[in-house]
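Coordinate inspection notes
Spelled out, the chains give:
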Amino acid sequence: MAKDVTLADIAAKVGVSTVAVSRALSGKSGVSEDLRNKIKSVAQEMGYVSSQAARTAGGGTGNVGVIIPENYYGDLLSFYGRLYENVVRALYDKNYYGILEILSRQDEAAGKLPKVTLDGKVDGLIFLGQLSKQYIGLMVQQTNLPVMFLDTYIPEAEIDTVISDGYYGTYQMTNYLIREGHRKIGFVGSVDTTSSIADRYWGYRRSLRENGISFQEEWEIPDREENGKVFDRILSSPGELDAYVCNCDYTARILIDNFEKAGYHVPEDVSVVGFDNYLPVALEENRITSYEVNISRMASLCVESLIGKIRKTEYVSGIQTVTGKIIRKKTVKSRK
């Protein structure tokens, strides 16, 4: 069977973004008439089938609900915003549209289905970010729509999800610090808040154990409230530790600010590493040594699996883990 022509294929041919192609083909503003006509002409030549035609033939809506818990909505300008953008682009490339819905704390606690599920508005659901175990269980049990999760999982339930390699990623980051001569290494993250933080914590602990370093209870430092809001002040000084592994770059940035306001210098006095390799530009994203998450790959795998479920074709079930890589920047100094 010939490969379906996607928006990305058309964009590459014309030399524009997938967003521009989407706007041109859907009749939205934001592109000139000359460019719109050119895009339509190329799309026709390549045999592109629009999402409208696809859903008319298949009986679907061509829409997917992308559900984000309320406590993550404030992060839309940072990591989760970037992840959401990649999900939407991946959906566009498969001739689907993403409909964003913010899941309120009250609706999550009450176990209410997302509003986009009403009246047959969507063909499937993607839940982005950590949800309560009870809510995840309820969404798995509902059988009306195919469901995928992104950047979350729970060991108590079998779910189809895509996650970053937090365990081995943080294991590698901690090993890197140890190779650079660090022996007293703390972990900054509220371990029981999310499954991803827990994975990163246990990767850190494995590294310490394999390298013969005895973990001390005081080396585990919380960084956020139960609702996910990160503390403005995590620590006032490095204490006796010479390095800190942070569960994300945002936490690492706050920790560095705390130390520098108290008169300490990173990495001269203490080394700090993060996770994600992403911060808004205003927060010096090019400074923190981090483990880079392959956001684009996570989004595309999630979308591909969901569409397989929607179309009842072959797809990868269970947990799919996406690896990343260490990005060395300016917050680690060798202690050899």
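Residues numbered from 1 in each chain as written. Predicted model: local features only at pLDDT ≥ 70, side-chain atom pairs only at ≥ 80, totals over all residues. Heavy atoms only, no water.

1. Describing the overall build of the protein
In terms of helices and strands, the protein carries 12 helices and 12 strands. Over its C-alpha atoms the protein spans a radius of gyration of 22 Å, differing by no more than 12% from the 20 Å that the globule rule assigns to 336 residues. If you line up the protein on its principal axes, its C-alpha atoms span 65 × 45 × 35 Å. Across the protein, contacts joining residues at least 24 apart in sequence account for 66% of those joining residues at least 6 apart. Carbon and sulfur atoms form 47% of the exposed surface of the protein, whose accessible area is close to 16,400 Å². (Helix = DSSP H or I, 4+ residues; strand = E, 2+ residues; numbered from the N terminus. Rg over C-alpha atoms; globule rule 2.2 N^0.38 Å. Contact = heavy atoms within 4.5 Å. Areas by Shrake-Rupley, 256 points an atom, 1.4 Å probe, with all protein chains shown as cover.)

2. What to know about the pattern of salt bridges
As enumerated under the stated definition, the model contains 9 salt bridges in all. The closest approach of N and O atoms between R36 and E33, which form a salt bridge, is 3.3 Å. In this pair, R36 and E33 both sit in helix 3 (residues 33-46), 3 residues apart, roughly one turn of the helix. For R36, a relative accessible area of 8% gives the class buried. A salt bridge links E210 to R206; the shortest N-O distance between them is 2.8 Å. In this pair, E210 and R206 both sit in helix 10 (residues 195-210), 4 residues apart, roughly one turn of the helix. The class of R206 is partly exposed, set by a relative accessible area of 27%. (Salt bridge = Lys/Arg side-chain N within 4 Å of Asp/Glu carboxyl O. Buried < 20%, exposed > 50% of the residue type's maximum accessible area, 1.4 Å probe, protein only.)

3. Digging into the packing of helix 2 (residues 18-26) against helix 3
Contact geometry of helix 2 with helix 3 gives a least axis separation of 9 Å together with a crossing angle of 90°. If you check the angle between helix 2 and helix 3, you find them roughly perpendicular. Between helix 2, through A20, V21, R23, A24 and L25, and helix 3, the contact on the second element is made entirely by R36, I39, K40 and A43. When grouped by side-chain class, the residues that make up the contact of helix 2 with helix 3 number 6 nonpolar, no polar and 3 charged. (Axes fitted to C-alpha atoms, helices over the stretch in contact; angles between N-to-C directions. Parallel < 35°, antiparallel > 145°, perpendicular 65-115°, else oblique. Nonpolar A, V, L, I, M, F, W, Y, C, P; charged D, E, K, R; others polar.)

4. Details of the packing of aromatic side chains
Two numbers describe a pair of aromatic rings. These are the distance of the centres and the angle of the planes. Considering all chains together, one arrives at 14 aromatic pairs under this definition. With centroids separated by 5.0 Å and ring planes inclined at 80°, the aromatic side chains of Y167 and Y168 adopt a geometry described as edge-to-face. What makes Y167 partly exposed here is its relative accessible area of 26%. With a relative accessible area of 39%, Y168 lands in the partly exposed category. When the centroid spacing of 6.1 Å and the interplanar angle of 85° are considered together, the rings of Y168 and Y171 count as edge-to-face. Placement of the pair is Y168 and Y171 together in helix 9 (residues 166-179), with a separation of 3 residues, close to one helical turn. Across the ring face of Y171, the terminal group of R206 is positioned such that the distance to the ring centre comes to 4.7 Å. (Phe/Tyr/Trp six-rings, centres within 6.5 Å; stacked < 30°, edge-to-face > 60°. Lys NZ or Arg CZ within 6 Å of the ring centre and 35° of its normal.)

5. A short note on the sheet that holds strand 11 (residues 319-322)
Across the sheet, 6 strands lie side by side as 2-1-3-4-5-11; this open sheet has parallel pairing. Edge strands, defined here as strands with exactly one partner in the open sheet, are strand 2 (97-103) and strand 11. Taken over all neighbouring pairs, the strand axes of this sheet differ in orientation by 20° on average, direction set aside. Bridge count for strand 1 (residues 63-69) against strand 2 is 7 bridges, and the pairing is parallel. Pairing of I68 across the sheet is with I102, part of strand 2. Of the strands in this sheet, strand 1, strand 3 (124-128), strand 4 (147-150), strand 5 (161-164) and strand 11 touch helix 12 (residues 295-311), which is tilted by about 170° from strand 4. (Pairing = 2+ DSSP bridges.)

6. Concerning the nonpolar core
Ranked by size, the top nonpolar core spans 83 residues in total, and within it I10, V87, I126, L150 and Y204 carry the most contacts. The residues touching Y204, leaving out its near neighbours within four places in the chain, are T170, Y171, T174, I185, G186, F187, F215, W219 and V245. I67, L125, M139 and I163 belong to the second largest nonpolar core, which has 17 residues in total. (Core = buried A, V, L, I, M, F, W, Y, C linked by side-chain atoms within 4.5 Å.)

7. A closer look at helix 12
Working note: α-helix, 3.6 residues per turn, so residues spaced by three or four point in the same direction. Compared with the 24 Å implied by 1.5 Å per residue over 17 residues, the 24 Å span of helix 12 between its first and last C-alpha is a close match. A large share of helix 12 lies buried, amounting to 13 of its 17 residues. Once helix 12 finishes, K312 follows within two positions and takes phi at roughly 60°, a positive value. (Expected span 1.5 Å × (residues − 1).)

8. Let's talk about the environment of L35
The residue L35 is located in helix 3 in this model. According to the relative accessible area criterion, L35 is partly exposed, its value standing at 23%. C-alpha separation for the pair L35 and T117, spaced 82 residues apart in sequence, amounts to 36 Å. What L35 contacts, discounting residues up to four positions off in sequence, is V14 and V16.

9. Notes on the sheet that holds strand 8 (residues 243-246)
In spatial order, the strands read 7-6-8-9; together these 4 strands make up an open sheet with parallel pairing. The sheet is open, and its two borders are formed by strand 7 (220-221) and strand 9 (271-273), each paired with just one other strand. Two elements, strand 8 and strand 9, share 3 bridges in a ladder whose sense is parallel. Following the sheet pairing, Y244 is matched in strand 9 by V272.

Nothing here speaks to function; it is all geometry.
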